Amino acid sequence: MLRKLQVIQLLLFVFLLSACTSSLQDKQQDVKELLESSVTAESEKPNKETDDIRFYLPFAMKMNESDANNILVTKGDQIFILFINKNEKEDSRVVYEAMLKEANSYTFTETFTNKNKFGYVFLKETNKDEYELTVGIGGYKMTTMTDIKRLIQDAETMMKVVSSIELKG
């Protein structure tokens, strides 16, 4: 009886593990589709600004600190880091290629090119059920820690922010 129970538990564990894996694969496909649509979609109208840039932040997000290249954004207790390389345009691959040097540590990478934009996504599992998500267009990228449940929502929000960036002057 004990042996039978162990076999059932093992089968249940394998089933749950495969369900989680396919769930992550499904989420990765959804992220890929979001990336493609965001690179071709109309950008959100900027509603925030610093000395150097204008950009869109959804209602629930707040801009906290900023310096020449980074803006710290929060949504509840979740932290997002927005990085802006003002020397690179939306079709630049410089930031992407710098991140690609760590490619062996990423669970998932994806790119998409439009006539004047180069978009990319990097996903890295940091702990069980926790992921570092980076979304970028050209010289602009945004990074956060997320879980599988929030992955698509966070990716979509981050793509809206990154694609809305306008340099001043």
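In the block above lies the structure referred to throughout.
Residues numbered from 1 in each chain as written. Predicted model: local features only at pLDDT ≥ 70, side-chain atom pairs only at ≥ 80, totals over all residues. Heavy atoms only, no water.

Draft legend 1. Structural context of the sheet that holds strand 5 (residues 78–84). Pairing in this open sheet of 7 strands is antiparallel, and the strands run 3-4-5-9-8-7-6 from one edge to the other. Strands with a single pairing partner mark the edges of an open sheet, and in this sheet they are strand 3 (62–66) and strand 6 (108–113). Put simply, the sheet's adjacent strands are angled 20° from each other on average, direction ignored. By the bridge criterion, 5 bridges tie strand 5 to strand 9 (residues 140–146) in an arrangement that is antiparallel. Bridge pairing in strand 9 links Ile84 to Tyr140. Where helix 3 (residues 151–163) meets the sheet, it contacts strand 4 (70–75), strand 5, strand 7 (118–127), strand 8 (130–137) and strand 9, and its direction lies at approximately 25° from that of strand 8. (Pairing = 2+ DSSP bridges. Helix = DSSP H or I, 4+ residues; strand = E, 2+ residues; numbered from the N terminus. Axes fitted to C-alpha atoms, helices over the stretch in contact; angles between N-to-C directions. Contact = heavy atoms within 4.5 Å.)

Draft legend 2. Up close: the side chain of Thr146. Here Thr146 lies in strand 9. Only 2.6 Å separates the side chain of Thr146 from the side chain of Asp154, close enough to count as a polar contact. Ignoring sequence-local partners within four residues, the contact set of Thr146 consists of Gln78, Asp129, Glu130, Tyr131, Leu133, Leu151 and Asp154. (Polar contact = N/O pair within 3.5 Å; in protein donor to acceptor, adjacent residues only side chain to side chain.)

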